[in-house]
Every structure is written in structure tokens, then in C-alpha cells.
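Breakdown of the fold
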Amino acid sequence: MNVDNRNLSESNSVGTIIGGAVPYVLKKYIHPAVSTEFMNSMCRLNLDLTQPEKDVLEKASDKALINSKLDKKGVVFERVNENTKMTNEEDAVIKNIDRMNISKNIKEAKKEMALPKYCAMKGHNAYFNPLTNSVIYNKDKFALPVFHELGHAKNKFYSKIGGFLQRHRNNNMKAAGVISALAILAPSKTEEKIRNLNTDDDKLVAKFRDNAGILTAAALAPTVIEEGMATYHGNKMAKELLNPELLKKVKKCNAKGFATYALLAGVMGIGTDLGIKLKNKIVKNGVSNKNN
């Protein structure tokens, strides 16, 4: 195919920009929207608990902490609510967001994203802080995931694999982003044909590009696995201490939480694959139209 290099370059630039926007939009807007539905469902499960059930969960979690000997490792509960006092640094973050000229709902969302503790205080999430060995949650509004968070503590102290995955999970999203970006920046199939890219290096790049969707999802697999391990350990501890009805609620809540992580891996993988295919289509149409 006799194609003007300028036409190819222009089509390639447009394809890269639009193709690259696909995984970005899916991750930034679609995944949060779907995940919010899971989180809202988890919140409803927790808010529907009776006070006796909340009391049972609190006592059972205290017992699980002792039975697992995590208390000997320094793991503690930080049971928070909306009246919990923030540190000076946390308070400064809140005040900075409050000064922003944005809607109240967006301010609240920013606070919860910036400060996991604030999110826990509101009863919208729970988490294990590996730096302080604290399980932080609102026992009145978000009590069901407490065993899952203890599962994260078990990963840290009792599992070499779980501990390793936990320590490095923050790098997984960066790796997935790099893989996705490099694959979309790589020459498209159309460009390969036009420029006759068939050296061994070219073939290696093409193989990377064609499998980038799977590789992107795989980069997030360590996080998904670590979450799955925490859920497994948490459910196992809960089974030893809760009645079947309350255990069912714990498992249901944990399953929804796990789904948000599995969904992210899927969204990033599919987004990368779609972005690569869209770029190729744009380049192919672009050079064909300008060549006619």
C-alpha cells in the first residue's frame, strides 16, 4: 500500500489519543460507577443489621483477634464513627477540600478518596492499615467486613505470599497503566503492514501489543489474589464464631467487596484491548480515506 507518511502519522496520532482514552474512561468513570453500586449494596446490608447482630459481630471480632493471636502481633481495632477526632494533618486535608469551590457532594467524595479513615467514619468502607496494624471500621454502620480486614492482617503476619502481595499491591496499578500505555503507543497492525515491520523485535512488540489486554489484567491479579486470600481467612474466622444466618451476611458482603477488585482487573484488561483495536481501525480508515 502506497501511503503518504504524513497521512500515516496523522492517523496514528489520532488513533493513539482516542484509543488511549478508552481504558482511561473505563477506569475513571465506568468502574467507579459500577463499583459504587456494589458499595451501596454493602452499605445497605450493614445498615439492615439489628443492634443485637452488631453486638455479636463486635464480640466475635474481639474473640477472633485473640484466637488468631493477631493481638500478640500488635493488631488492634480502631472503631470509628462520625464524631471520631481527626489528627491535625487529617483535619488540614478536610479544611483544604472544604475551601474548594465545588458542590457539597463532590467535596464529600474527595474527602473519602483522600482519607480512608474519613470514609470509614462515615460508614462507607473499612480497611486494614499495615503501617499501624489497625483494623479501622464503623461498628454501627459497616460492621460485616471486619473479618475480611482481619484477613488482611493474617496475610501480613502469617502468609509469606499474602504478605508479599500486600506489600507490593500499590505498584500493581502503575504496572497495569504502563502496560496499557505502551501497548497503545505501539505500532498498530495497519502500520505494521504499511511499514513492513517484520524484524524479530517488531514481532516481539506485536506479540506484546496483541496480548496487552491479558497482561494488563494480569498486572492487577496480585491485588485480586491478596483480596481473595483476606476474604478466605476472614470467612474462615467468622465461620468459627457466628451463627449461619449472620455468617451468610458476612460472606455476601465480602463477596461484593471482592467483586470490585476483580471488576477493576477486567475493566482495565478489556479497556486496553478495545483501545488497541480502536486505534488500528482509526489508522486503517484514516490512511484508506486519504489515499483515495
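Keep in mind it's a predicted model, so treat the numbers as computed, not measured. (Residues numbered from 1 in each chain as written. Predicted model: local features only at pLDDT ≥ 70, side-chain atom pairs only at ≥ 80, totals over all residues. Heavy atoms only, no water.)

**Details of a nonpolar patch on the surface**
A contiguous nonpolar patch, built from Tyr 24, Val 25, Tyr 29, Ile 30 and Val 34 and spanning about 460 Å² of accessible area, is present on the exposed surface. Relative to the helices and strands, Ile 30 is located in helix α1 (residues 5-47). (Patch = residues over 30% accessible without salt bridge, like charges linked within 9 Å, V, L, I, M, F, W, Y side chains within 5 Å. Areas by Shrake-Rupley, 256 points an atom, 1.4 Å probe, with all protein chains shown as cover. Salt bridge = Lys/Arg side-chain N within 4 Å of Asp/Glu carboxyl O. Helix = DSSP H or I, 4+ residues; strand = E, 2+ residues; numbered from the N terminus.)

**Quick notes on the nonpolar core**
Residues Leu 57, Val 135, Leu 144, Phe 147, Leu 150 and Leu 242 are the most contacted members of the largest nonpolar core, which totals 30 residues. Counting residues in hydrophobic clusters, the runner-up holds 12 residues, among them Ala 176, Ala 183, Ile 184 and Ala 212. (Core = buried A, V, L, I, M, F, W, Y, C linked by side-chain atoms within 4.5 Å. Buried < 20%, exposed > 50% of the residue type's maximum accessible area, 1.4 Å probe, protein only.)

**What about the environment of Val 34?**
Mapped onto the elements of the fold, Val 34 is located in helix α1. Along the backbone, Val 34 and Leu 264 are 230 residues apart, and their C-alpha atoms lie at a distance of 9.8 Å.

**Digging into unusual backbone geometry**
We note that Lys 69 has phi near 65°; this positive angle belongs to a residue other than glycine. On the basis of relative accessible area, Lys 69 is assigned to the exposed category, the value being 54%. Of note, Asn 196 is a non-glycine position whose phi angle comes to about 55°, a positive value.

**Observations concerning the sheet that holds strand β1 (residues 76-79)**
Taken together, three strands build an open sheet; the order of strands is β1-β3-β2 and the sheet is mixed. The strands lining the two open edges of the sheet, one partner per strand, are β1 and β2 (127-129). Sheet twist, expressed as the average angle between the axes of neighbouring strands with direction ignored, equals 25°. As paired strands, β1 and strand β3 (residues 134-137) are joined by four bridges and run parallel to one another. Across the sheet, the residue bridging to Phe 77 is Val 135, located in β3. Against the sheet, helix α2 (residues 51-67) touches β1 and β3, its axis set at about 155° to β1. Contacting β1, β2 and β3, helix α6 (residues 146-158) crosses the sheet at an angle of about 30° to β2. (Pairing = 2+ DSSP bridges. Axes fitted to C-alpha atoms, helices over the stretch in contact; angles between N-to-C directions. Contact = heavy atoms within 4.5 Å.)

**Section: the state of the cysteines**
Scanning all chains against the criterion turns up zero disulfides. No disulfide involves Cys 119; its sulfur sits 8.0 Å from the nearest other cysteine sulfur, which is in Cys 43. (Disulfide = S-S within 2.5 Å.)

**Brief notes about the pattern of salt bridges**
Counted under the stated rule, the structure contains 19 salt bridges. For Lys 139, the salt bridge identified is with Asp 140, shortest N-O distance 3.8 Å. Since its relative accessible area comes to 27%, Lys 139 is described here as partly exposed. Sharing partners across several salt bridges, the network here consists of Glu 82, Asp 98, Glu 108, Lys 111, Lys 122 and Lys 141.

**Re the layout of surface pockets**
The method is simple in principle: a probe with the dimensions of a water molecule rolls over the atoms, and the space it marks as empty is what remains. Each pocket or cavity is described by its volume, and for the largest pocket that value is around 2200 Å³. Looking at the largest pocket, it is lined by 49 residues, and the ones nearest its centre are His 31, Glu 112, Met 113, Asn 125 and Tyr 261. Of all the elements in the fold, those that place two or more residues in the lining of the largest pocket are α1, α4 (104-114), α5 (116-121), β2, α6, α7 (160-185), α11 (221-241) and α12 (244-291). Looking at the lining of the largest pocket, the element that brings in the most residues is α1, giving 12 residues. (1 Å grid on protein atoms, 1.4 Å probe; cavity = no way out; pocket = protein on both sides within 12 Å on 5 of 7 lines; lining within 4 Å. Points joined across faces, edges and corners; volume = space filled by probe spheres on them.)

**Overview of the packing of aromatic side chains**
If you walk through the whole model with that rule in mind, you get one aromatic pair. Between Phe 77 and Tyr 137 the ring centres are 6.1 Å apart and the planes differ by 75°, which places this aromatic pair in the edge-to-face class. Taken together, the positions of Phe 77 in strand β1 and Tyr 137 in strand β3 put the pair 60 residues apart, joining distant regions of the chain. Per residue, the accessibility class of Phe 77 equals that of Tyr 137, and both read buried. Arg 79 extends its terminal NZ or CZ atom over the ring of Phe 77, reaching a point 4.4 Å from the ring centre. (Phe/Tyr/Trp six-rings, centres within 6.5 Å; stacked < 30°, edge-to-face > 60°. Lys NZ or Arg CZ within 6 Å of the ring centre and 35° of its normal.)

**Some remarks on the side chain of Glu 191**
Relative to the assigned elements, Glu 191 resides in helix α8 (residues 189-195). Not counting chain neighbours up to four residues away, the residues in contact with Glu 191 comprise Leu 8, Asn 12, Asn 196 and Leu 197.

**Observations concerning α11**
Given 3.6 residues to a turn, an α-helix orients residues that are three or four positions apart in the same direction. If you check α11, its first and last C-alpha atoms are 30 Å apart, about what 21 residues at 1.5 Å a residue would give, namely 30 Å. Turning to α11, its buried residues number three or more, namely Thr 223, Val 224, Glu 226, Glu 227, Met 229, Ala 230, Thr 231, His 233, Gly 234, Asn 235, Met 237 and Ala 238. (Expected span 1.5 Å × (residues − 1).)

**Some details on the packing of α1 against α7**
The interhelical angle for the contact between α1 and α7, taken along N-to-C directions, is 155°, at an axis separation of 9 Å. By the angle class used here, α1 and α7 are roughly antiparallel. Our pair here, α1 against α7, has a crossing hand that is right-handed. Of the residues in α7, those in contact with Thr 16, Gly 19, Gly 20, Pro 23 and Lys 27 of α1 are Met 173, Ser 180, Ile 184 and Leu 185. Residue classes in the contact of α1 with α7 are distributed as four nonpolar, four polar and one charged. (Parallel < 35°, antiparallel > 145°, perpendicular 65-115°, else oblique. Left-handed = near helix turned anticlockwise from the far one by under 90°. Nonpolar A, V, L, I, M, F, W, Y, C, P; charged D, E, K, R; others polar.)

None of this, on its own, says anything about what the molecule does.
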